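An overview of the molecular structure
In case you want the letters, here they are:
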Amino acid sequence: MKISSFGQAEKYLLSFTRQGSVQIFQGERGLEKVRYFLSLFGSPQNRLKIIHIAGTAGKGSVCHLISKFLVAHGKKVGLHISPHLVDVRERFQINNKNISKKEFVFYLKKIIPYVQKVEKTKYGKLSYFEVLVGLAFYIFFDKRVDYAVIETGLGGLYDGTNVVDMKDKLSVLTRIGLDHTEILGKTIEEITYQKAMIVNEGSEAIVLDQDKKVNSVFTSTAKNKRASITFVTPKLFIRNNRFGSLINRFNSGYQFENFSLAYETVRKLSSRDNIPLSLEKIKKALKTSYFPGRFDIKKIDNKTVILDGAHNPIKMRAFIEGLRNKFPTERF
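Keep in mind it's a predicted model, so treat the numbers as computed, not measured.

Burial of strand β2 (residues 77-80) is two-sided: the residues V77 and L79 facing one way and the residues G78 and H80 facing the other way are all buried. Both β2 and strand β5 (residues 147-151) contribute to a ladder of 4 bridges, which runs parallel. Considered in β5, the bridge of V77 is made with Y147. Direction of pairing for β2 relative to strand β3 (residues 93-94): antiparallel, over a ladder of 2 bridges. Its bridge partner lying in β3, G78 is registered against I94.

See below:
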């Protein structure tokens, strides 16, 4: 297929989507396939500083905030989120801005020979998600980003993003709840294990302090991998708050959890990578942070409309909490 326009590029990518509603989860074999795909163009995922985020709720928001905070400190940051909301280029942001359509077409054409090579092997055809993960790592390496912030797609252990072998990968784990139980497990412990397995051997992890069952799995996984783990407790964060009235912009406790995780992640990086941390720069970035589809308040025909992508019980509870906090006297 000849690709010379953004529309043609989108059409090409859609040829990798599964037909119908059945999604095929390949587990370890799928992960092997992505590793092989990336190896064809130099395994760029192992030549970048990676911040890898997993969890049931808050992943996208945490990714967005980490990127904003690092950019505010003068770093060049690649941001890969999934799924995208409006435009596939949301998965390939540089300093919180989508790459251009021209660049998108340019880079996609660069990796097509590798995509075709994988298809001729025992692994067969790549999935839509796998192609985009490979493209993200390719773009971020070519753009020479200082950090690549990578959101998992599904779970963690066998997710297509879980292909980074470096010990300096920093893992971030958000709130855990029941979701995708047909794939990840029926219990909270099974799901937590799947998410926690993004933590690399001998690496570091920033983890939200939550249910004892969840924390226990986090701790045991880190111990087995000889990884250090830092628990973030939002209540203590609030008590030691140095951000003043800025925290009032959060409509729910979950949003404050996301902020706490993002801030602690950047604080950890500032210590590890010798980045002078500025609270003023964090505050400035926080004032301008905007993540579409997350308690997204709009005025439409003189009515207040709130757009939110809540699609599982834990996210719906967070959304309802936000509604009650933001509009305590309203009925919905």
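As a further point, take the nonpolar core. One finds F92, F104, L108, L135, F137 and F140 to be the most contacted residues of the largest nonpolar core, which totals 42 residues. Among the secondary structure elements, those contributing two or more residues to this core are α1 (6-14), α2 (28-39), α4 (101-119), α5 (128-142) and β5. Core analysis: the second largest hydrophobic core is formed by 30 residues, I51, I66, A262 and I275 among them.

So, on to the side chain of E264. Here E264 shows up in helix α10 (residues 253-272). Here R267 takes part through its side chain, which lies 2.7 Å from a polar atom of the side chain of E264. Once residues lying within four places of it in the same chain are set aside, the contact partners of E264 are I206, T230 and V232.

On to the sheet that holds strand β8 (residues 228-232), then. Pairing is mixed across the open sheet formed by 8 strands, whose spatial order is β4-β3-β2-β5-β1-β6-β7-β8. Unpaired on one side and paired on the other, β4 (97-98) and β8 mark the two borders of the sheet. Of the strands in this sheet, β1 (50-54), β2, β5 and β6 (170-173) are in contact with helix α3 (residues 59-72), which crosses β5 at around 170°.

Attention shifts here to empty space enclosed by the protein. Following the criterion strictly, the structure yields 1 cavity of 30 Å³ or more and no others. Put simply, the largest cavity is a space of about 30 Å³. Taken together, the elements giving at least two residues each to the lining of the largest cavity come down to β7 (204-208) and α8 (212-224). Looking at the lining of the largest cavity residue by residue, the class counts come to 8 nonpolar, 1 polar and no charged.

Glancing now at the environment of I150. Position of I150 among the secondary structure elements: in strand β5. Sequence separation between I150 and S171 is 21 residues; the distance between their C-alpha atoms is 9.7 Å. With residues up to four places along the chain from it excluded, the contact list for I150 reads I50, I51, H52, I53, C63, H80, F137, F140 and T161.

Attention now goes to the pattern of salt bridges. Evaluated as defined, the whole model comprises 12 salt bridges. The residue E257 makes a salt bridge to R175 at a minimum N-O spacing of 2.7 Å. With a gap of 82 residues between them, E257 in helix α10 and R175 in the loop between β6 and α6 (181-184) connect regions that are remote in the sequence. Between E280 and K283 there is a salt bridge, and its shortest N-O distance comes to 3.7 Å. Linking E280 with K283, this pair stays in helix α11 (residues 279-287), spanning 3 residues, or about one helical turn. E280 sits in the exposed class, given a relative accessible area of 55%. Here the salt bridges share partners, and the residues they tie into one network are K49, R272 and D273.

All right, on to the environment of K143 then. Within the element layout of this structure, K143 appears in the loop between α5 and β5. On a C-alpha basis, the gap between K143 and F129 in space is 21 Å, while along the polypeptide they are 14 residues apart. If sequence neighbours within four positions are ignored, K143 has contacts with K76, I94, E103 and Y107.

Working note: a packed helix pair is described by the angle between its axes plus the distance between those axes. Relative to each other, α2 and α5 sit at 40°, their axes nearing to 10 Å. The crossing of α2 and α5 is right-handed. Along its contact with α2, which presents G30, K33, V34, F37 and L38, the element α5 presents E130, V131, G134 and F137.

In total, this model carries 13 aromatic pairs according to the counting rule given. Where F92 meets F104, the ring centres are 5.7 Å apart and the plane angle is 45°; that geometry is what we call tilted. Taken together, the positions of F92 in the loop between β2 and β3 and F104 in helix α4 put the pair 12 residues apart, joining distant regions of the chain. Taking the relative accessible area as the measure of exposure, F92 reaches 0% and is therefore buried. F104 sits in the buried class, given a relative accessible area of 0%. With a centroid separation of 6.0 Å and 70° between ring planes, the pair formed by Y107 and Y138 is classed as edge-to-face. Note that Y107 is positioned in helix α4 and Y138 in helix α5, a separation of 31 residues in sequence. Both residues of the pair, Y107 and Y138, count as buried. Taken together, the ring pairs in this structure connect F37, F41, F106, Y107, Y114 and Y138 into an aromatic cluster.

The rules behind each value
- Residues numbered from 1 in each chain as written.
- Predicted model: local features only at pLDDT ≥ 70, side-chain atom pairs only at ≥ 80, totals over all residues.
- Heavy atoms only, no water.
- Buried < 20%, exposed > 50% of the residue type's maximum accessible area, 1.4 Å probe, protein only.
- Helix = DSSP H or I, 4+ residues; strand = E, 2+ residues; numbered from the N terminus.
- Pairing = 2+ DSSP bridges.
- Core = buried A, V, L, I, M, F, W, Y, C linked by side-chain atoms within 4.5 Å.
- Polar contact = N/O pair within 3.5 Å; in protein donor to acceptor, adjacent residues only side chain to side chain.
- Contact = heavy atoms within 4.5 Å.
- Axes fitted to C-alpha atoms, helices over the stretch in contact; angles between N-to-C directions.
- 1 Å grid on protein atoms, 1.4 Å probe; cavity = no way out; pocket = protein on both sides within 12 Å on 5 of 7 lines; lining within 4 Å.
- Points joined across faces, edges and corners; volume = space filled by probe spheres on them.
- Nonpolar A, V, L, I, M, F, W, Y, C, P; charged D, E, K, R; others polar.
- Salt bridge = Lys/Arg side-chain N within 4 Å of Asp/Glu carboxyl O.
- Left-handed = near helix turned anticlockwise from the far one by under 90°.
- Phe/Tyr/Trp six-rings, centres within 6.5 Å; stacked < 30°, edge-to-face > 60°.

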